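Take a look at the letters that make up each chain.
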Amino acid sequence: MAKQKIRIKLKGYDHKLVDQSALQIVEAAEQTGAVTAGPVPLPTRIEKFCVNRSTFIDKNSREQFEIRTHRRLIDIREPSPKTIDALAHLNLPSGVSIDIKL
């Protein structure tokens, strides 16, 4: 596999889980001899919601909520078949979305 790279994007609501998953991926890739770049923290996506507390009279009384989506980017350059096999057999925590592109 000459001059190929694997790009891995991680998304999650809990930044500790995302960082832990990124560390596991980097360690697995480096043990097989691949060159890694990252994890690079991408901007956090913040969604804000404003909800009325009451349905009718108290229009000015509202609650505000937000959801933060933390993202990380990892590039693995010069992957070997062992690297791909090691990445396939990783047990990552739930709550982290993984997008892999070759």
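For the structure given in this document, a descriptive report is provided here. Worth saying up front: this structure is predicted, and the values here are computed from it rather than measured.

A word on the overall build of the protein. Looking only at helices and strands, the protein has 2 helices and 4 strands in total. Taking 102 residues into account, the globule formula puts the C-alpha radius of gyration at 13 Å, and the protein, at 19 Å, lies well above it. With respect to the principal axes defined by its C-alpha atoms, the protein has extents near 65 × 25 × 15 Å. Expressed as a percentage of its 102 residues, the buried residues of the protein come to 24%. For the protein, the proportion of contacts with a sequence separation of at least 24, taken over those separated by at least 6, is 75%. For the protein, the accessible area works out to roughly 7400 Å², and carbon and sulfur atoms hold 50% of it. The positive charge centre, built from 17 side chains, and the negative charge centre, built from 12, are 6 Å apart in the protein.

Assignment of secondary structure puts T83 in helix 2 (residues 81-88). Setting aside residues up to four positions removed in sequence, T83 forms contacts with A29, T32, A34 and I76.

Relative to the assigned elements, I46 resides in strand 2 (residues 35-52). Owing to a relative accessible area of 38%, I46 belongs among the partly exposed residues under this scheme. Expressed as a C-alpha distance, the spacing of I46 and N91, which sit 45 residues apart in the sequence, is 28 Å.

Let's shift gears to the pattern of salt bridges. Counted under the stated rule, the structure contains 4 salt bridges. Between R68 and E66 there is a salt bridge whose closest N-O contact spans 2.8 Å. We classify E66 as partly exposed; its relative accessible area is 41%.

I6, I8, L10, I25, I74, I76 and L87 are the most contacted members of the largest nonpolar core, which has 13 residues in total. Aside from chain neighbours lying at most four places away, what touches L87 is I6, I8, I25 and I76.

What counts, and where the lines are drawn
- Residues numbered from 1 in each chain as written.
- Predicted model: local features only at pLDDT ≥ 70, side-chain atom pairs only at ≥ 80, totals over all residues.
- Heavy atoms only, no water.
- Helix = DSSP H or I, 4+ residues; strand = E, 2+ residues; numbered from the N terminus.
- Rg over C-alpha atoms; globule rule 2.2 N^0.38 Å.
- Buried < 20%, exposed > 50% of the residue type's maximum accessible area, 1.4 Å probe, protein only.
- Contact = heavy atoms within 4.5 Å.
- Areas by Shrake-Rupley, 256 points an atom, 1.4 Å probe, with all protein chains shown as cover.
- Lys, Arg positive; Asp, Glu negative; His and termini not counted.
- Charge placed at Lys NZ, Arg CZ, Asp CG, Glu CD.
- Salt bridge = Lys/Arg side-chain N within 4 Å of Asp/Glu carboxyl O.
- Core = buried A, V, L, I, M, F, W, Y, C linked by side-chain atoms within 4.5 Å.

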